[in-house]
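Results of the structural survey
So you can see what is in the structure, the chains are spelled out below.
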Amino acid sequence: QVQVVESGGGLVQPGGSLRLSCAASGSFFSINNMGWYRQAPGKQRELVATITTGGIADYADSVKGRFIISRDNARNTVYLQMNSLKAEDTAVYLCNAVVLMYRFARGNDYWGQGTQVTVSS
């Protein structure tokens, strides 16, 4: 069984910073892409950033230049450094891991339960 657990959310003022962490654990062969998504009330879930095993990152246009995604493959952990936060960044942030249960297996999506980020003065 695979567990994906996020941490690091909270309340921050506009212009402030937060760092989210997400760790995947359990019995599996490897993890491919990891990423962060977010969902605000009344809105669809949207991609924030993803990162490959080799460290190639991709970002939503709305966060480019403000957010940085990184990962520690040895710890099966992905991070999201969020800077210059805006009110519109307020959402539940969810971590995604594409997990291979065994070699040559198709990757399966695993999700964390989410962590709330609120940007407000």
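Look above for the structure.
Everything in this summary refers to the structure shown in the same document. Note that the coordinates shown come from a computational prediction; the quantities given were computed from them, not determined experimentally.

Rules and cut-offs
- Residues numbered from 1 in each chain as written.
- Predicted model: local features only at pLDDT ≥ 70, side-chain atom pairs only at ≥ 80, totals over all residues.
- Heavy atoms only, no water.
- Disulfide = S-S within 2.5 Å.
- Helix = DSSP H or I, 4+ residues; strand = E, 2+ residues; numbered from the N terminus.
- Buried < 20%, exposed > 50% of the residue type's maximum accessible area, 1.4 Å probe, protein only.
- Pairing = 2+ DSSP bridges.
- Contact = heavy atoms within 4.5 Å.
- Axes fitted to C-alpha atoms, helices over the stretch in contact; angles between N-to-C directions.
- Phe/Tyr/Trp six-rings, centres within 6.5 Å; stacked < 30°, edge-to-face > 60°.
- Lys NZ or Arg CZ within 6 Å of the ring centre and 35° of its normal.

1. With respect to the state of the cysteines
As used here, a disulfide is simply a covalent bond connecting the sulfur atoms of two cysteines. Overall, the coordinates contain 1 disulfide when judged by the stated rule. Note on cysteine connectivity: C22 is disulfide-linked to C95, with sulfurs 2.0 Å apart. Between C22 and C95, the S-S torsion sits near -80 degrees, and that sign places the bridge as left-handed. Linking C22 in strand 3 (residues 18–26) with C95 in strand 9 (residues 91–100), this pair joins segments that are 73 residues apart in sequence. Residues C22 and C95 agree in their burial class; the two are buried.

2. With respect to the pairing of strand 8 (residues 77–82)
Here strand 8 lies mainly inside the structure; 5 of its 6 residues are buried. Pairing of strand 7 (residues 67–72) with strand 8 involves 6 bridges; the strand directions are antiparallel. Note on strand 8: the bridge partner recorded for I68 is Q81. Counting the residues between successive antiparallel strands, the hairpin from strand 7 to strand 8 contains 4 residues, one of them, N76, with a positive phi of roughly 50 degrees.

3. Things to note about the environment of A97
Locating A97 in the fold gives a position in strand 9. Placed 46 residues apart in sequence, A97 and I51 show a C-alpha to C-alpha distance of 10.0 Å. A97 has contacts with V4, I31, N33, M34, N108, D109 and Y110, leaving out every residue within four places of it along the chain.

4. Topic: the sheet that holds strand 3
With respect to topology, 4 strands assemble into an open sheet ordered 1-3-8-7, the strand pairing being antiparallel. Each edge of the open sheet is held by one strand with a lone partner, namely strand 1 (2–7) and strand 7. When strand polarity is set aside, the average angle formed by the axes of neighbouring strands in this sheet is 15 degrees. Of the pairings in the sheet, the one linking strand 3 to strand 8 comprises 6 bridges and is antiparallel in character. Within strand 8, the position partnered with C22 by the bridge is V78.

5. Points about the packing of aromatic side chains
Inspection of every chain in the model, using the stated rule, returns 1 aromatic pair. Note that R19 overlies the ring of Y79, its terminal NZ or CZ placed 4.1 Å from the centroid. The ring centre of W111 lies 4.5 Å from the NZ or CZ of R45, which sits over that ring.

6. Some thoughts on unusual backbone geometry
With a phi close to 50 degrees, N76 is a non-glycine residue in the positive phi region. Residue placement: N76 occurs in the loop between strand 7 and strand 8. At S84, a residue that is not glycine, the phi angle is positive and equals roughly 50 degrees. For S84, a relative accessible area of 40% translates into the label partly exposed.

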